[in-house]
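# Observations on the three-dimensional arrangement
Now for the letters of each chain:
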Amino acid sequence: MKAIVLEGLGNPLVLKEVEKPTLKPGEVLVKIKAAALNRRDYWITVGKYAGIKYPSILGSDGAGIVEEVGSDEDKHWISKEVIINPSHDWGDHPEYQSKEFKILGLPEEGTFAEYVKVRAEYLHAKPTHLSWQQAAALPLAGLTAYRALFTKGRAKKGDKVLVSGAGSGTGTFALQWAVAAGCQVFVTSGSGEKIDRAKQMGAMAGVNYKAQDWAEQLQHLSGGFDVIIDSALGDGFAKFLDLSNPGARIVFFGGTAGNVPELNGRKIFWKQLQIIGTTMGTSDEFKAMVEFVNARQLVPVIDEVFPLADAEKAVQKMSDSSQFGKIVLTA
């Protein structure tokens, strides 16, 4: 089969012929119709991720058709259109992942290939209202945003929600999920065009975080937030304490702008704030996310679609964060 392979640090992704996976009991073989990129894939290509091995087939997001199964009890999946939950071996505790937790695409071979093998328990029926490309865009970022917003952030109808970094895959899903849940959503971005796109998706307003007074602008526009979703950290994170309403939840799942800065602890305890970290999500949360998408007929936002052979070009586009929504590969 053909697959996109990362052969070493500093090497471009290459399309090459590799051995087709063989199945063990409980595993299934999915013929990939579309796969999507995540920031994780970019960090792996530049060597800034734990446990990198070479050669590797990257890709956590995928949608396709089940072609083979390793056990008779999984025969009902044959020829079914599916999406794959990339959050594997979460463990028994819903509050945190186990030591065995891993994400599809490293260390296990991922979805940037003609075929991928996964355990049958991680298959879900593809939402019928979505195209292959739209379905492939959903899993990793959609799950991360769902857990951050609803499980950790406890967002509900009428809450004021701030999504920092509108335009990223997770940021776009967080915006979409919050709007669909009836929240009043505001965004930040370094691009006026992305803010306009966010407003077209239902955001009430947005500000450019490059402005000196971005936090003051948000306070004036919103009056304060009940839930803040962030994936950047950095110095601006300290401003979230002032923007938080009493009892607010500040949830983060990334650190692209740096670490947590020095914070005024008095504001945290006096306003009874919660600062919460999160990563990916449980199998139950993935199932709930798919049901949420089906019930509201939600459609992931796709920035651009590349053929599988152009995976290197797709990753390079992600490197400058110019996209709004997901970047997708088609087999």
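Residues numbered from 1 in each chain as written. Predicted model: local features only at pLDDT ≥ 70, side-chain atom pairs only at ≥ 80, totals over all residues. Heavy atoms only, no water.

The next point concerns the packing of helix α3 (residues 139-152) against helix α9 (residues 283-296). In the contact formed by α3 and α9, the axes pass within 9 Å of each other and the chain directions differ by 95 degrees. Accordingly, the angle class assigned to the pair α3 and α9 is roughly perpendicular. Here α3 contributes Pro-139, Gly-142, Leu-143, Tyr-146, Arg-147, Phe-150 and Thr-151 to the contact with α9, which in turn contributes Glu-285, Phe-286, Ala-288, Met-289 and Phe-292. Classifying every residue of the contact of α3 with α9 gives 8 nonpolar, 2 polar and 2 charged. (Axes fitted to C-alpha atoms, helices over the stretch in contact; angles between N-to-C directions. Helix = DSSP H or I, 4+ residues; strand = E, 2+ residues; numbered from the N terminus. Parallel < 35°, antiparallel > 145°, perpendicular 65-115°, else oblique. Contact = heavy atoms within 4.5 Å. Nonpolar A, V, L, I, M, F, W, Y, C, P; charged D, E, K, R; others polar.)

Its place among the elements puts Ala-137 in helix α2 (residues 132-137). Sequence spacing of Ala-137 and Pro-300 is 163 residues, and the spatial spacing of their C-alpha atoms is 6.5 Å. Once you skip the residues sitting within four places of it in the chain, Ala-137 turns out to touch Ala-36, Asp-61, Phe-173, Pro-300, Ile-302, Lys-326 and Val-328.

Those residues of helix α5 (residues 192-200) that sit buried are Lys-194, Ile-195 and Ala-198. End-on view of α5: buried residues confined to an arc of 105 degrees, all on one side of the axis. Facing away from the buried side of α5, by more than 90 degrees, are the exposed residues Glu-193 and Gln-200. Summarising the contacts, the buried residues of α5 are in contact with α4 (169-180), β11 (184-189) and β12 (205-208). If you check the start of α5, you find a side-chain oxygen 3.3 Å away from the backbone N of Glu-193, and it comes from Ser-191. One or two residues past the end of α5 sits Gly-202, with phi positive at roughly 120 degrees. (Buried < 20%, exposed > 50% of the residue type's maximum accessible area, 1.4 Å probe, protein only. Arc of directions from axis to C-beta. Polar contact = N/O pair within 3.5 Å; in protein donor to acceptor, adjacent residues only side chain to side chain.)

Once that is clear, we can look at helix α10 (residues 311-319). Looking at α10, one finds that the buried residues are Ala-311, Ala-314, Val-315, Lys-317 and Met-318. Across the axial projection of α10, the buried residues extend over an arc of 155 degrees, all falling on one side. Once α10 ends, the next one or two residues include Ser-321, with phi positive near 55 degrees.

Now for the layout of surface pockets. Of the voids in this model, the largest pocket is the one considered here, and its volume is about 1200 Å³. What lines the largest pocket is a set of 49 residues, and nearest its centre among them are Arg-39, Ser-168, Ser-231, Ala-232 and Thr-256. When residues of the lining of the largest pocket are traced back to their parent elements, those giving at least two are α1 (39-45), α3, α4, β11 and β17 (326-330). Looking at the lining of the largest pocket residue by residue, the classes come out as 18 nonpolar, 23 polar and 8 charged. (1 Å grid on protein atoms, 1.4 Å probe; cavity = no way out; pocket = protein on both sides within 12 Å on 5 of 7 lines; lining within 4 Å. Points joined across faces, edges and corners; volume = space filled by probe spheres on them.)

It is worth spelling out the packing of aromatic side chains at this point. One pass over the full model with this rule turns up 11 aromatic pairs. Between Tyr-42 and Trp-43, the aromatic rings sit 5.2 Å apart at their centres with planes inclined by 55 degrees, giving tilted as the arrangement. Overall, Trp-43 belongs to the partly exposed group, its relative accessible area being 27%. Taking the centre distance of 5.7 Å and the plane angle of 85 degrees together, the rings of Trp-177 and Phe-292 count as edge-to-face. Of this pair, Trp-177 sits in helix α4 while Phe-292 sits in helix α9, and the two are 115 residues apart along the sequence. Residue Trp-177 is classed as buried on the basis of its relative accessible area of 1%. A relative accessible area of 8% means that Phe-292 is categorised as buried. (Phe/Tyr/Trp six-rings, centres within 6.5 Å; stacked < 30°, edge-to-face > 60°.)

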